[in-house]
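Architecture and fold: a report
Residue-level listing of the chains:
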Amino acid sequence: WSSANITWKEALGAGSFGVVHRIEYADVTLAAKRMDLASKLDSRAELETLAIREFRALHKVTHTNIVQLLGVVLDHPDWICLIMELANEGSLRQKLDRTPRAIVGKLAVQVSLLHDIASGLAFCHTQKPLPLLHHDIKSANILLFSHDDSGAVRLTAKLADFGLAVGVSGTSTAAATSRTKTHAAGGTLSYRAPETYGGQYTKASEVYSFSIVVF
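The structure contained in this document is the topic of the report that follows. (Residues numbered from 1 in each chain as written. Predicted model: local features only at pLDDT ≥ 70, side-chain atom pairs only at ≥ 80, totals over all residues. Heavy atoms only, no water.)

Focus on the pairing of strand β5 (residues 79–84)
When you tally the buried positions in β5, you get six out of six residues, the bulk of the element. With four bridges joining them, strand β4 (residues 69–73) and β5 adopt antiparallel strand pairing. Note that in β5 the partner of Val73 across the bridge is Cys81. The turn joining β4 and β5, which pair antiparallel and follow one another in sequence, is formed by five residues. (Buried < 20%, exposed > 50% of the residue type's maximum accessible area, 1.4 Å probe, protein only. Helix = DSSP H or I, 4+ residues; strand = E, 2+ residues; numbered from the N terminus. Pairing = 2+ DSSP bridges.)

Examining the pattern of salt bridges
Tallied over the full model, the rule gives eight salt bridges. The closest approach of N and O atoms between Arg93 and Asp97, which form a salt bridge, is 3.0 Å. Within this pair, Arg93 and its partner Asp97 are both found in helix α2 (residues 92–98), separated by four residues, close to a single helical turn. For Lys138, the salt bridge is made with Asp136, and the minimal N-O distance between the two is 3.7 Å. When its relative accessible area of 6% is taken as the criterion, Asp136 is described as buried. (Salt bridge = Lys/Arg side-chain N within 4 Å of Asp/Glu carboxyl O.)

A few points about the environment of Asp75
Position of Asp75 relative to the elements: it lies in the loop between β4 and β5. Take Asp75: its relative accessible area is 45%, and that puts it in the partly exposed class. It is 9.0 Å that separates the C-alpha atoms of Asp75 and Ala4, two residues lying 71 residues apart in sequence. Excluding its chain neighbours within four sequence positions, the residues that come into contact with Asp75 are Trp1, Ser2 and Ser3. For Asp75, the side chain forms a polar contact with the side chain of Ser3, separated by 2.9 Å. (Contact = heavy atoms within 4.5 Å. Polar contact = N/O pair within 3.5 Å; in protein donor to acceptor, adjacent residues only side chain to side chain.)

Focus: empty space enclosed by the protein
Per the counting criterion, the structure on display carries one cavity of 30 Å³ or more. The wall of the largest cavity is formed by Lys33, Glu54, Leu58, Val67, Leu69, Met84, Leu159, Ala160, Asp161 and Phe162. Considered class by class, the residues forming the lining of the largest cavity number seven nonpolar, no polar and three charged. (1 Å grid on protein atoms, 1.4 Å probe; cavity = no way out; pocket = protein on both sides within 12 Å on 5 of 7 lines; lining within 4 Å. Points joined across faces, edges and corners; volume = space filled by probe spheres on them. Nonpolar A, V, L, I, M, F, W, Y, C, P; charged D, E, K, R; others polar.)

Describing the pairing of strand β3 (residues 28–36)
As defined by bridge partners, strand β2 (residues 19–25) adjoins β3 across seven bridges and the pair is classed as antiparallel. Among the inter-strand pairings, Val20 is bridged to a residue of β3, identified as Lys33. In this structure, β3 lies alongside β5, joined through six bridges in antiparallel fashion. Paired with Met35 across the two strands is Ile80, which belongs to β5.

Describing unusual backbone geometry
Cis geometry marks the peptide bond from Lys128 to Pro129; its omega dihedral reads 5 degrees. Looking at where Pro129 falls in the secondary structure, it is placed in the loop between α3 (107–125) and β6 (142–149). The phi dihedral of Ala26 is positive, around 55 degrees, even though this residue is not glycine. By the element assignment, Ala26 lies in the loop between β2 and β3. The exposure class of Ala26 is exposed, given its relative accessible area of 58%. The phi torsion at Asp27 lies on the positive side, around 70 degrees, for a residue other than glycine. The residue Asp27 is located in the loop between β2 and β3 in this model. The class of Asp27 is exposed, set by a relative accessible area of 77%.

Given below as structure tokens:
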């Protein structure tokens, strides 16, 4: 996509790839994960490879509970970005921090959101020929969308920010061996399964991270 068509709005948060902004692109409101190259020690070529790899891995992945990637912008000298659908309710972490009563103590809401997250994760883990491992399941990487459901507002959760799922130790987005393991040093400390500190990352490791989200 072209950087000339982007109108930048406010920053919404930060992910593993960079800062997420609200944008207008051809009169459509979307979100963009932008990495400013001047603030990074990596070479532009390495960062472009990361962005392209994430985009190629996910732009064809269509699921109700996975945030859709729409485009990648590489033509600006100072930054690169990934463009995606906009989550109008922010992340689950932001929701729990800002308006906890919308979720805390509401069992039906909690079960619905956890079902969404589990559905997205199960879809990733059943990809062929090898599973897609996210590597950083946490509440900040789960985006919320609100919509009217027969007069009542319903929240839908979607997995986002697959930046660590691509380019980890030079591997693909999926497992590097037939035992569905990849080697990763990434992830968020409080959500990581013990075995990941030894470099072993599996579908079970992500179920562990999901259990922390449940908690």
